[in-house]
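# Coordinate inspection notes
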Amino acid sequence: MHVNGKTFRALWADENRKSVNIINQTKLPFSFEIDNIGTYEGLVTAIKDMQLRGAPLIGVAGAYAMWLACMESQKSENPVSFLEKAYDDIRTARPTAVNLAFAVSLIYRTIKESDQYKEWPERALKACNDFYETEVGNFIKIGNSGLEIIQQIAEKKKGEKINILTHCNAGWLACGDYGTATAPIYRAHEMGLPIHVWVDETRPRLQGAKLTAWELYNEGISFTVIADNTGGYLMQEGKVDMVIVGADRVALNGDVANKVGTYLKALAAFDNNVPFYVAIPSSTIDFKLAEGVHHIPIEIRENAEVSEIDGINDNNKINTISIMPPGYPSLNFAFDITPAKFVTGLITEKGIIEASAKEISKIFSEYVNY
Ligand code: MRU
């Protein structure tokens, strides 16, 4: 997608074929910086510290971290145990997004098809590139599926503005390219539909205000950033035509783990008859987990993310300030779980499907006993 008119992905293998480049998302929207990372541990740190984030991108980054580990293993006395350790470190970097375990296991299996460890780096790089391109292809399909829903709303609204509410950042920064929740929005904009996006600021890390708004700004799409608790009121006032969010993990029964606050938006949407859609590639579905509520592991992050906030000062420097006195207790659950009954539909690479075990198992039967 576009940054100042130039095309970028959120992560790419460097042309030196020795390292990975990432857009450092902790600096946006104030500063556009690209970090070059040459070790698997460096990528694990970038995932943990959220220099890159978003479930699908974490998956892609985990895959490329395995490639870096394969190259590093060549210099190790015991390449097999080096790789085993890397596999564990990478897979567990963040607990909620299932894309990470999915992608890392995929690459690990491909590598282990050869016992010639000298072949591992090439095998891994090819598998990473194939996986990344498949994911990007899936985001394009998600965009086309979601477009159909927006077109139906557009027909009813007869040229009036279509208001879509989204939470967190499920855009191209979170995925590598196009995004999940934003893919239908980008497609609708391309088709000339009059789209306006309500962007939840998304406390505590402000992925909405800092990242989704930045993406939409760069694509020339109309948006308004709102405080997280505004959505319910807007829905009551008829100012939201649909909600689209992404997800970090969807259980087989269609329960959805996404950025904390998503559940409250789903409740408000349900109460106001506003369609609530979740856009996901199949790599976000945990086919082994029957139910999500009480079962999807929810990451607890540092309290400082709640008690501090950063922004830009008059000297154009990013500054962090405390928003409460030191010692006040705080708690930072990074995600919550929306029960499937509040989800109008899942927008997937295979079309719009019901959030239910029956439908997910039918449509993605090739993965169910995976
Ligand atoms: O903690 P984050 O920023 O990695 O959380 C990201 C989200 O919750 C996104 O909404 C989700 O991963 C969907 S991304 C397409």
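For the structure, check the block above.
What counts and how
- Residues numbered from 1 in each chain as written.
- Predicted model: local features only at pLDDT ≥ 70, side-chain atom pairs only at ≥ 80, totals over all residues.
- Heavy atoms only, no water.
- Near = heavy atom within 4 Å.
- Polar contact = N/O pair within 3.5 Å; in protein donor to acceptor, adjacent residues only side chain to side chain.
- Areas by Shrake-Rupley, 256 points an atom, 1.4 Å probe, with all protein chains shown as cover.
- 1 Å grid on protein atoms, 1.4 Å probe; cavity = no way out; pocket = protein on both sides within 12 Å on 5 of 7 lines; lining within 4 Å.
- Sits in = over half its atoms within 2 Å of the grid points.
- Nonpolar A, V, L, I, M, F, W, Y, C, P; charged D, E, K, R; others polar.
- Core = buried A, V, L, I, M, F, W, Y, C linked by side-chain atoms within 4.5 Å.
- Buried < 20%, exposed > 50% of the residue type's maximum accessible area, 1.4 Å probe, protein only.
- Helix = DSSP H or I, 4+ residues; strand = E, 2+ residues; numbered from the N terminus.
- Contact = heavy atoms within 4.5 Å.
- Pairing = 2+ DSSP bridges.
- Arc of directions from axis to C-beta.
- Expected span 1.5 Å × (residues − 1).
- Salt bridge = Lys/Arg side-chain N within 4 Å of Asp/Glu carboxyl O.

In the vicinity of the ligand lie 19 residues, with Arg53, Gln207, Asp248, Asn258 and Lys259 positioned nearest. Within the side chain of glutamine 207, an N or O atom sits 2.8 Å from an oxygen atom of the ligand. Lysine 259 has a polar side-chain atom sitting 2.7 Å from an oxygen atom of the ligand. Expressed as a share of its isolated accessible area of 410 Å², the protein-covered part of the ligand is 100%. Here the ligand occupies the largest cavity. Broken down by class, the residue content of the shell around the ligand amounts to nine nonpolar, six polar and four charged.

Turning our attention to the nonpolar core. Looking at soluble globular proteins, one finds that nonpolar side chains tend to be buried together. Judged by nonpolar contacts, the single largest core of 81 residues is most densely connected at Leu11, Tyr64, Trp172 and Ile195. Broken down by element, the residue count for this core peaks at 15 residues, all from helix H5 (residues 120-157). Not counting chain neighbours up to four residues away, the residues in contact with tyrosine 64 comprise Leu11, Ala13, Val20, Leu43, Leu125, Cys128, Asn129 and Tyr132. With 29 residues, the next largest nonpolar core counts Ile226, Val243, Ala340 and Val343 among its residues.

The next thing to look at is the pairing of strand S11 (residues 256-259). The sheet contact formed by strand S10 (residues 249-251) and S11 spans two bridges and is antiparallel. Paired with valine 250 across the strands is valine 256, a residue of S11. The turn linking S10 back onto S11 is made up of four residues, and glycine 254 within it adopts a positive phi angle of 95°. Looking at chain direction, S11 and strand S16 (residues 335-338) are connected through four bridges and run antiparallel. Bridging from a neighbouring strand, alanine 257 pairs with isoleucine 337 of S16.

Inspection of helix H10 (residues 262-271) places Thr262, Lys265, Ala266, Ala268 and Ala269 among the buried residues, and these make up the whole buried set. Buried residues of H10 fall within an arc of 165° about the axis and therefore sit on the same side. Set apart from the buried face of H10 by more than 90 degrees, the exposed residues are Leu264, Phe270 and Asp271. Residue asparagine 273 follows H10 closely and has a positive phi angle near 55°.

Between the first and last C-alpha of helix H3 (residues 79-91) there are 18 Å, a value that for 13 residues agrees with the 18 Å anticipated at 1.5 Å per step. Residues of H3 that are buried include every one of Pro79, Leu83, Ala86, Tyr87 and Ile90, and no others. The buried residues of H3 occupy one face: seen down the axis, they fall within an arc of 105°. Summarising the contacts, the buried residues of H3 are in contact with helix H1 (40-48), helix H2 (55-73), helix H4 (98-112) and H5.

Now for the pattern of salt bridges. This model, assessed by the stated rule, comprises 20 salt bridges. One salt bridge connects lysine 210 with aspartate 310, and the closest N-O pair in it is separated by 2.4 Å. Placement of lysine 210 in helix H8 (residues 207-219) and of aspartate 310 in strand S14 (residues 308-312) is noted, with a sequence separation of 100 residues between them. The salt bridge partner of glutamate 359 is lysine 362, with a shortest N-O separation of 4.0 Å. Highlighted residues: glutamate 359 and lysine 362, both in helix H12 (residues 357-363), separated by three residues, approximately one helical turn.

These figures capture arrangement, not role.
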